[in-house]
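# Observations on chain architecture
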Amino acid sequence: MGRFTVTYTATDTAGSYRDSWLRSTDAATRADFWLEASAFIDWTVPPRTALEEREPGLWRWFPDGELNTSYNALDRHVLAGHGDRAAVIYDSAMSGTRVSISYSRLLERVSRFAGVLRAQGVGVGDRVIVYLPMIPEAIVAMLACARIGAVHSVVFGGFAASELAVRIDDARPTVIVTASGGLEPGRVVEYLPLVKKALDRSTGSVRTVIVRDRESIPGSAADYAGEGPVTWLDWATEEDAATPAEPVSLRSEDPLYILYTSGTTGNPKGIVRDNGGHAVALAWSMRNIYAAGPGDVFWAASDVGWVVGHSYIVYAPLLVGATTVIYEGKPIGTPDAGAFWRVVEDYKVTVLFTAPTAIRAIRRVDPELAELKKYDVSSLTGLFLAGERLDPETYHWANDGLHCPVIDHWWQTETGWAICANPRGIEEIPTKPGSATFPVAGYAVEILDSKGRPVTKAGKEGNIAIRLPLPPGTLLGIWGSTDRYRNAYLSAFPGYYATGDSGHVDTDGYLYVMGRTDDVINVAGHRLSTGSLEEVLTLHPAVAECAVLGVHDPLKGQRAAGFVTLKAGARIDHDTLAKELVGLVREHVGPVAAFRDVTILDRLPKTRSGKILRKTIRQIVDGEPYTVPPTIEDPTVLDALKLAVHGTAHTH
Ligand code: COA
Ligand code: AMP
């Protein structure tokens, strides 16, 4: 490469929040704003142009720039003399393993593994599926892909084989990188049988499977060698023998990764991220939102399979020369509700980022925070929460118990980083419980009514939309289909990206995100489509009709509840059917759906035109007041529903 320059310091974009936000979104100034921000990244060809509208609605960031993301995450820190600094701390509460990996060592491992992939014929633009648990090899594999311009697609370990197969069929990878398995409390999740099953079900793009052997988990590449046309290789053997690969220079808009997320159907959407916009946005976010930089210990207690893991376990901390923690364990039960505080003390974590559900789980077990008192957590400068709405009760509990600010911030797989947050690195803005504060740089957030007209009245709920262009780091599109991208996000409100969330803005301009406008639900911070769960329930031969809804859950925020009717003449007792339906979801979607609630009804509440009254069902289940819709086909069905879920027809 050789053309990179090392930059730890460049013009800072900080000032007051308002000035910075206006500069970043105003058409006259945004190009300068983001070109200044791009100076925090080392480019092989520095960009001269900030953004370009390629086709109506489709924007590209830094179109004339070239860079390599893995070089920016690793090489430049080593070249700047920080090779001995810890890049990754791996802490497995499941196995007791604790390992610190320096930037130099991580660079060596990534270069070698990039060589392993290259030896398998992987080059620029080729896809690699990464199906790994929370072990350092997940970071190595992702950065190795980035190094040689391959596009990684990480699949979360809690998905079933069929979900993996759907992703293989859509991304058409040539290589899968996996491990013998993952560790969940009380059980071992063996990955290789799932990979084999997924390969058997998919259409055959995969040539090689590379397996990281994990002690104590059965299964290795050797067990599958010679079975079928796919070559199975052992990670350690290949890494030892590999020729290290140098980073390749890529166009800013070349894809870095595809990450699948739930949409409205059973076909997940492959969200595509670029290299250049992503690196600039994440580096900006570390300084200006999280107030974190070189030498800080940043811990995103999430999973590499989710966007939070991509952005804040892997890329952002390394892009700015911080130390990232990769933690295999849970907030409670591994071994107790002090697990998070123990990790903070052990590694002097400065920023902790997790989902509200994790905090609710700790609160449930340790309401007085007795565990917290056993540890020194004074290194923490902020607790950031996202993935679902931070309910005010949880906010107050955490804020009262901790010495540092608790910050809710709102974002999506599609955006890759926060849309709204409290930008602590720029200015301390007073927090309001229940609100994700203000839009961050580049996001022109508006509330629109169903016809796309701006809602100007404070407190009035509407669709949350973002005026185009979206800032750098947000999605390039959906893998394989520009039309699908337009239809899913751009067509509802011309000139805007539709977030799919609803909410309101108060008189001070604070945004409150209240829920989804589509059938996406959020279970323990995991995004699921009720449509895809319904598709699975209808696979059962006894099921005539079904509706799956997200109902309130005190721990997980929401949980999926299924309501089914039986086909005429179906002979199956209700308990057996419920068990079989729970099993079907586990088999087709995976344990992560945590699907356990099935209610069997004679009829579903519907309108006279046959539309299932989902909102009314949800209100009844959640015990909320509701009005009987005037279009209802038969109001007595509601009494039957109440009886089935509450044991009495006399609620509201
Ligand atoms: N691989 C395989 N299985 C997995 C898995 C993985 N990576 N992650 C979760 N699962 C399984 C669990 O073992 C569980 O299986 P079970 O039905 O056999 O018990 C099921 O999926 C549901 O898991 P989960 O939603 O995690 O529920 P839980 O009851 O085990 O734990 C919490 C509850 C709140 C402790 C847990 O959800 C949590 O830590 N959440 C943090 C949220 C988070 O990281 N969100 C990511 C976005 S920021
Ligand atoms: P995911 O793509 O899995 O990150 O899920 C994104 C969705 O989670 C958003 O569209 C919201 O519905 C929800 N979400 C994430 N963060 C927040 C938050 N801070 N407040 C409210 N909802 C959130």
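Along each chain, numbering runs from 1 in the same order as the chain's sequence is written. Labels are handed out in written order, letters beginning with A for the chains and numbers beginning with 1 for the ligands. Only residues with pLDDT of 70 or above have their local features reported here, since the model is predicted, and side-chain atom pairs are shown and tallied only from 80 upward, although totals for entire chains, interfaces and linings are computed over all residues. The side-chain numbers reported here are obtained from all heavy atoms of the structure, hydrogens and water having been left aside.

The protein chain has the name Propionyl-CoA synthetase in an unreviewed UniProt entry, where Cryobacterium algoricola is given as its organism. UniProt positions are given in the numbering used here, feature names are shortened, and annotations may be inferred rather than shown by experiment. Its UniProt record gives the protein chain the following Sequence similarities (unreviewed entry) comment, quoted word for word: "Belongs to the ATP-dependent AMP-binding enzyme family."

Attention now moves to the overall build of the protein chain. For the protein chain, the helix and strand inventory stands at 18 helices and 32 strands. We compute the radius of gyration over the C-alpha atoms and compare it with the globule rule, which gives 2.2 Å times the number of residues raised to the power 0.38. A compact globule built from 652 residues should have a C-alpha radius of gyration of about 26 Å, and the protein chain, at 24 Å, falls within 12% of that. With respect to the principal axes defined by its C-alpha atoms, the protein chain has extents near 75 × 65 × 55 Å. Burial classification: accessible surface area is computed with a 1.4 Å probe over protein chains only, and a residue below 20% of its type maximum counts as buried, one above 50% as exposed, and the rest as partly exposed. By the burial criterion, 60% of the 652 residues in the protein chain qualify as buried. Working definition of accessibility: Shrake-Rupley area with a 1.4 Å probe, residue cover restricted to the visible protein chains. Looking at the protein chain as shown, the accessible area adds up to about 24400 Å², and 51% of this sits on carbon and sulfur atoms. Going along the chain from the N terminus, every DSSP run of H or I of four or more residues is numbered as a helix, and every run of E of two or more is numbered as a strand.

Our next topic: the site of ligand 1. When at least one non-hydrogen atom of a residue lies within 4 Å of a molecule or strand, that residue is treated as near it. Around ligand 1 lies a shell of 22 residues, among which Glu-184, Arg-187, Pro-331, Lys-556 and Arg-586 are the nearest. Two N or O atoms form a polar contact when they lie within 3.5 Å of each other; inside protein one atom must be a possible hydrogen donor and the other a possible acceptor, and for residues adjacent in sequence the pair counts only when both atoms belong to side chains. Separating an oxygen atom of ligand 1 from a side-chain N or O atom of Arg-586 is a distance of 2.8 Å. For ligand 1, the accessible surface in isolation is 940 Å², of which the surrounding protein chains cover 83%. By residue class, the composition of the shell around ligand 1 is ten nonpolar, six polar and six charged. Residue ranges for the domains originate in an automatic or database domain assignment. For the shell around ligand 1, the two domains that each supply at least three residues are domain 1 (66-329) and domain 2 (524-646). In this count, Pro and Cys sit with the nonpolar residues alongside Ala, Val, Leu, Ile, Met, Phe, Trp and Tyr, while Asp, Glu, Lys and Arg are called charged and the others, Gly among them, polar.

By nearness alone, 14 residues border ligand 2, and His-409, Thr-413, Asp-501, Arg-516 and Arg-527 come closest of all. Between ligand 2 and the protein, one listed contact pairs a nitrogen atom with a side-chain N or O atom of Asp-408 at 2.8 Å. For ligand 2, an oxygen atom lies 3.1 Å from a polar atom in the side chain of Gln-412. Surface burial for ligand 2 is 92%, taken as the share of its 500 Å² of free accessible area covered by protein chains. The residue makeup of the shell around ligand 2, split by class, is three nonpolar, five polar and six charged.

A separate point is the sheet that holds strand β24 (residues 462-467). Strand pairs in the sheet, formed through backbone hydrogen bonds, run parallel or antiparallel to each other. Strands are treated as partners if at least two bridges between them are detected by DSSP. If you trace the four strands from one edge of the open sheet to the other, you get β23-β24-β26-β27, paired in antiparallel fashion. Only two strands of the sheet have a single partner each, and these edge strands are β23 (444-448) and β27 (511-516). On average, each strand axis in the sheet is inclined to that of its neighbour by 50°, with strand direction left out of account. In this structure, β23 lies alongside β24, joined through five bridges in antiparallel fashion. Between N-to-C directions, angles cover 0 to 180 degrees, with each direction set by a line fitted to C-alpha atoms, over the stretch in contact for helices.

Examined at the domain level, the protein chain breaks down into domain 1 (66-329) and domain 2 (524-646). Put simply, the middle of domain 1 and the middle of domain 2, counted by C-alpha atoms, are 36 Å apart. Taken together, the contact pairs 15 residues of domain 1 with 14 residues of domain 2. As used here, buried area is the combined drop in accessible area, with a 1.4 Å probe, of two parts when they are placed together. Together, the buried faces of domain 1 and domain 2 total about 1100 Å²; carbon and sulfur atoms form 46% of this surface. Remark: the boundary between domain 1 and domain 2 carries six residue pairs in polar contact (both at pLDDT 80 or more). Every residue pair with non-hydrogen atoms within 4.5 Å of one another is taken to be in contact.

All right, on to the packing of aromatic side chains then. Any pair of Phe, Tyr and Trp rings, taking the six-membered ring for Trp, is counted once the centres come within 6.5 Å. Such a pair is stacked with planes under 30 degrees apart, edge-to-face with planes over 60 apart, and tilted for the rest. Applying the stated criterion to the full structure yields 30 aromatic pairs. Where Phe-159 meets Trp-306, the ring centres are 6.0 Å apart and the plane angle is 75°; that geometry is what we call edge-to-face. Remark: Trp-306 occurs in the loop between β16 (297-300) and α10 (307-319) and Phe-159 occurs in the loop between β7 (151-154) and α6 (161-171); sequence separation between them is 147 residues. In terms of burial, Phe-159 and Trp-306 fall into one category: buried. Within the aromatic cluster, the residues linked to one another by ring pairs are Phe-33, Trp-34, Trp-43, Trp-61, Phe-62, Trp-284, Trp-417 and Tyr-443. Geometrically, a charge over a ring is one whose NZ (Lys) or CZ (Arg) sits within 6 Å of the ring centre while staying within 35 degrees of the ring normal. A cation over a ring is seen here: Arg-167 above Phe-159, with NZ or CZ 4.6 Å from the ring centre. The cationic tip of Lys-432 hangs over the ring face of Tyr-510; the distance from NZ or CZ to the ring centre is 4.5 Å.

The geometry of helix α4 (residues 103-119) relative to helix α5 (residues 136-148) is characterised by a closest axis approach of 8 Å and an angle of 65° between their N-to-C directions. Considering how the two elements wind past one another, α4 and α5 form a crossing that is right-handed. Between α4 and α5, the residues in contact are Leu-106, Leu-107, Arg-109, Val-110, Ser-111, Phe-113, Ala-114, Leu-117 and Arg-118 and Glu-137, Val-140, Ala-141, Leu-143, Ala-144, Cys-145, Arg-147 and Ile-148, respectively. Taken together, the residues that form the contact of α4 with α5 break down as twelve nonpolar, one polar and four charged. Each crossing gets its handedness from the near helix: less than a right angle anticlockwise from the far helix is left-handed, clockwise is right-handed.

In this section: the pattern of salt bridges. Basic side-chain nitrogens of Lys or Arg form a salt bridge, by our definition, when they fall within 4 Å of a carboxyl oxygen of Asp or Glu. Using the criterion set out here, one finds 40 salt bridges in the structure. Arg-424 is paired through a salt bridge with Glu-428; the nearest N and O atoms lie 2.8 Å apart. Residue Arg-424 is classed as buried on the basis of its relative accessible area, which comes to 15%. Among the ionic contacts, a cluster of salt bridges with common partners joins Glu-52, Arg-54, Arg-60 and Glu-253.

The next subject is the environment of Glu-393. Residue position: Glu-393 is located in helix α13 (residues 392-401). For Glu-393, a relative accessible area of 52% puts it in the exposed group. When the C-alpha positions of Glu-393 and Gly-434 are compared, they lie 9.0 Å apart, and in sequence the two are 41 residues distant.

Turning our attention to the pairing of strand β1 (residues 51-55). On a regular strand, each side chain points to the face opposite its neighbour's, so the side chains alternate between the two faces of the sheet. Bridge analysis of β1 against strand β2 (residues 58-61) gives four bridges, and the strand direction is antiparallel. Counted as the bridge partner of Glu-53 is Trp-59 from β2. Turn length for the β1-β2 hairpin, with the two strands adjacent in sequence and antiparallel, is two residues, and the turn residue Gly-57 shows positive phi of about 85°.

Spatially, seven strands are ordered β5-β4-β17-β16-β18-β19-β20 in an open sheet, and the strand pairing comes out mixed. Since the sheet does not close on itself, it has two edges, and those belong to β5 (98-102) and β20 (406-408), each with one partner. Here the strands of the sheet are splayed against their neighbours by 20° on average, with no regard to which way each runs. Strands in contact with α4 are β4 (86-92) and β5; relative to β5, the strand with the most contacts, it is inclined by about 85°.

A separate point is helix α1 (residues 17-25). Taken together, the buried positions of α1 are occupied by Tyr-17, Ser-20, Ser-24 and Thr-25. Buried residues of α1 fall within an arc of 115° about the axis and therefore sit on the same side. In this fold, the buried residues of α1 make contact with α2 (30-37), α9 (276-288), β22 (438-439) and β23. In this context, the arc is that of the directions from the helix axis out to the C-beta atoms.

Moving on, we get to empty space enclosed by the protein. Think of a 1 Å grid over just the protein atoms. A cavity is a set of points where a 1.4 Å probe fits yet cannot get out, a pocket is an open set with protein on both sides within 12 Å along at least five of seven lines, and lining residues have an atom within 4 Å of a point. Grid points are joined across faces, edges and corners, and a volume is the space filled by probe spheres set on the points. This structure, assessed with the given rule, holds three cavities of 30 Å³ or more. Of the voids in this model, the largest cavity is the one considered here, and its volume is about 130 Å³. Lining of the largest cavity is provided by 14 residues; of these, Trp-59, Arg-60, Leu-470, Thr-474 and Leu-475 occupy positions nearest its centre. Per element, the largest residue contribution to the lining of the largest cavity is four residues, and it comes from β2. In terms of residue class, the lining of the largest cavity is built from nine nonpolar, three polar and two charged. The calculated volume of the second largest cavity comes to roughly 80 Å³. Around the second largest cavity, the lining residues are Ser-24, Thr-25, Arg-30, Trp-34, Trp-61, Gly-442, Ala-444, Arg-467, Leu-468, Pro-469, Leu-470 and Pro-471. Elements with a contribution of two residues or more to the lining of the second largest cavity: α1 and α2. For the lining of the second largest cavity, a count of residues per class yields seven nonpolar, three polar and two charged.

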